[in-house]
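# Summary of structural features
So you can see what is in the structure, the chains are spelled out below.
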Amino acid sequence: MHKVIVLDDLAQDGLDLLDQADDFEYEVRTGLKGDDLRNALNEFDGAICRSGVKLTPDVLDGVRQLKAVVRAGVGTDNIDKPAATKAGVVVMNTPAGNTLSTAEHAITLMLAMSRNVAPANQGLVEGRWDRKKYMGTQVAGKTLGVVGLGRIGLEVAKRAQALEMKVLGYDPFMSKQRAEELGIEHVDTVDGMLPHVDYLTVHTPLTDETRNMVNVTQLEILKPGVRLINCARGGIYNENALVEGLKSGKIAGVALDVYEEEPCTDSPLFGMPGVLCTPHLGASTEEAQTQVAVEAVHLLTDFLANGTIRHSVNVA
Ligand code: MLT
């Protein structure tokens, strides 16, 4: 019998699959940390998590029983990969399940920011009929820069093209020819695209290369009046630089779903004119959560039953 621990809330379809799997039993134990978490991991062969639980080096040091952990989602920032590798734990993610929902959220934020949807709604709630105050901006005919032309970035580009936007794209792993086949103007550097885009959206993990991709230095070269969107990972845009850019008027709008520190309930950006923020909701749809849960269960059960490794993100 293979024993599985579910460490964060998981969509019911995923739990149902675990229920139906032969030779598997599972327990849901959420909110674990420290010794409780380490002890729990030592009772199970496999784990499924989302982003809530933190599998730090401290927790993973001393784990012997656990063979694999699957992240129901894309980002594995909450799992220390070198420590997992050292402990012999295979780490896998589900790269596809929330692609469309996250792409839709980026487009939602772009449009809602452009048309002042949140403050206009708030004005009505507070009894004001402010038609003049909320003059918006049309996205058709504007240029969108997309950094990262992976699954999500490409879906965003496709939707932006349907909105009649011109799309510039940066991705070191995509050839100029492939980008052009997709109707995307390929650029060689992020800084090279910044003077030309009315909107910028990022769809990369947070790495040493992508951290602070837009910082105070980039404020100099951004097109005046640019609007920035981030549904990927906090820290790709430096939040202090965003505040500075908004205050100076260089940046007209910022729409964030992700933050340098999460959860984030207090930020100088919250409430600034032109700023629209959501609490990491990119993958928060029934469809995405069901898909990542089902994918995660398939990955873990295949691994524990047959040794099959797919979507491993281990690093030494
Ligand atoms: C992901 O990495 O899958 C998304 O950011 C959603 C999440 O963290 O739950």
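Please read these numbers as outputs of a predicted model, since none were measured by experiment.

A few words now on the sheet that holds strand β5 (residues 90-93). One key point about sheets: their strands pair by backbone hydrogen bonds, in either a parallel or an antiparallel sense. The parallel open sheet is built from five strands, whose spatial order is β2-β1-β3-β4-β5. Strands at the two margins of the open sheet, each flanked by one partner only, are β2 (24-28) and β5. Across the sheet, the mean angle from the axis of one strand to that of its neighbour is 20 degrees, orientation sign disregarded. Across three bridges, the pairing between strand β1 (residues 2-6) and strand β3 (residues 46-49) is parallel. Opposite Val6, over in β3, you have Ile48 as the bridge partner.

Below, the discussion takes up the pairing of β2. Two strands pair when backbone bridges link them, and β1 and β2 are joined in this way by five bridges, in the parallel orientation. The residue bridging Lys3 from the neighbouring strand is Glu25, located in β2. Remark: the β1/helix α1 (residues 12-20)/β2 crossover connection has right-handed handedness.

One finds Leu200, Leu228 and Ile251 to be the most contacted residues of the largest nonpolar core, which totals 28 residues. Setting aside residues no more than four positions away along its own chain, Leu228 makes contact with Met113, Leu200, Val214, Leu222, Tyr237, Leu242, Ile251, Gly253, Val254 and Ala255. Ranked by size, the runner-up nonpolar core spans 25 residues in total, among them Ile107, Leu144, Val156 and Ala160.

Turning to the sheet that holds strand β11 (residues 251-256), a few remarks are in order. Spatial ordering of the open sheet is given by β8-β7-β6-β9-β10-β11-β12, a layout of seven strands whose pairing is parallel. Two strands lie at the open edges of the sheet, namely β8 (185-186) and β12 (275-277), each paired on one side alone. In this sheet, β12 lies alongside β11 in parallel orientation, the contact comprising three bridges. If you follow Ala255 over to β12, its bridge partner there is Leu276. Contacts from helix α11 (residues 239-248) reach β10 (226-230), β11 and β12, with the element oriented near 145 degrees to β11.

Our next topic: the site of the ligand. Around the ligand, the neighbouring residues are Ser51, Arg71, Gly73, Val74, Gly75, Asn98, Arg233, His280 and Ala283. In the model, an oxygen atom of the ligand is placed 2.6 Å from a nitrogen or oxygen of the Arg71 side chain. Residue Gly75 places a main-chain N or O atom 2.6 Å away from an oxygen atom belonging to the ligand. Protein coverage of the free-state accessible area of the ligand, which is 260 Å², stands at 88%. Split by residue class, the shell around the ligand holds two nonpolar, five polar and two charged.

Below, the discussion takes up helix α7 (residues 151-162). If you check α7, its first and last C-alpha atoms are 17 Å apart, about what twelve residues at 1.5 Å a residue would give, namely 16 Å. Within α7, burial applies to Ile152, Gly153, Glu155, Val156, Ala157 and Ala160. Among the structural elements, α5 (99-114), β6 (143-147), β7 (166-170) and β9 (199-202) are those in contact with the buried residues of α7.

A few words on the packing of α1 against helix α12 (residues 286-306). It is at 7 Å that the axes of α1 and α12 come closest, and there the two elements cross at 25 degrees. Compared by their axis directions, α1 and α12 come out roughly parallel. Considering how the two elements wind past one another, α1 and α12 form a crossing that is right-handed. Touching Asp13, Gly14, Leu17 and Leu18 of α1 are Thr290, Ala293, Val294, Val297, His298 and Thr301, all from α12. Of the residues in the contact of α1 with α12, the class split is five nonpolar, four polar and one charged.

Quick notes on the rules
- Residues numbered from 1 in each chain as written.
- Predicted model: local features only at pLDDT ≥ 70, side-chain atom pairs only at ≥ 80, totals over all residues.
- Heavy atoms only, no water.
- Pairing = 2+ DSSP bridges.
- Helix = DSSP H or I, 4+ residues; strand = E, 2+ residues; numbered from the N terminus.
- Axes fitted to C-alpha atoms, helices over the stretch in contact; angles between N-to-C directions.
- Right-handed = clockwise from strand over helix to strand, strands pointing away.
- Core = buried A, V, L, I, M, F, W, Y, C linked by side-chain atoms within 4.5 Å.
- Buried < 20%, exposed > 50% of the residue type's maximum accessible area, 1.4 Å probe, protein only.
- Contact = heavy atoms within 4.5 Å.
- Near = heavy atom within 4 Å.
- Polar contact = N/O pair within 3.5 Å; in protein donor to acceptor, adjacent residues only side chain to side chain.
- Areas by Shrake-Rupley, 256 points an atom, 1.4 Å probe, with all protein chains shown as cover.
- Nonpolar A, V, L, I, M, F, W, Y, C, P; charged D, E, K, R; others polar.
- Expected span 1.5 Å × (residues − 1).
- Parallel < 35°, antiparallel > 145°, perpendicular 65-115°, else oblique.
- Left-handed = near helix turned anticlockwise from the far one by under 90°.

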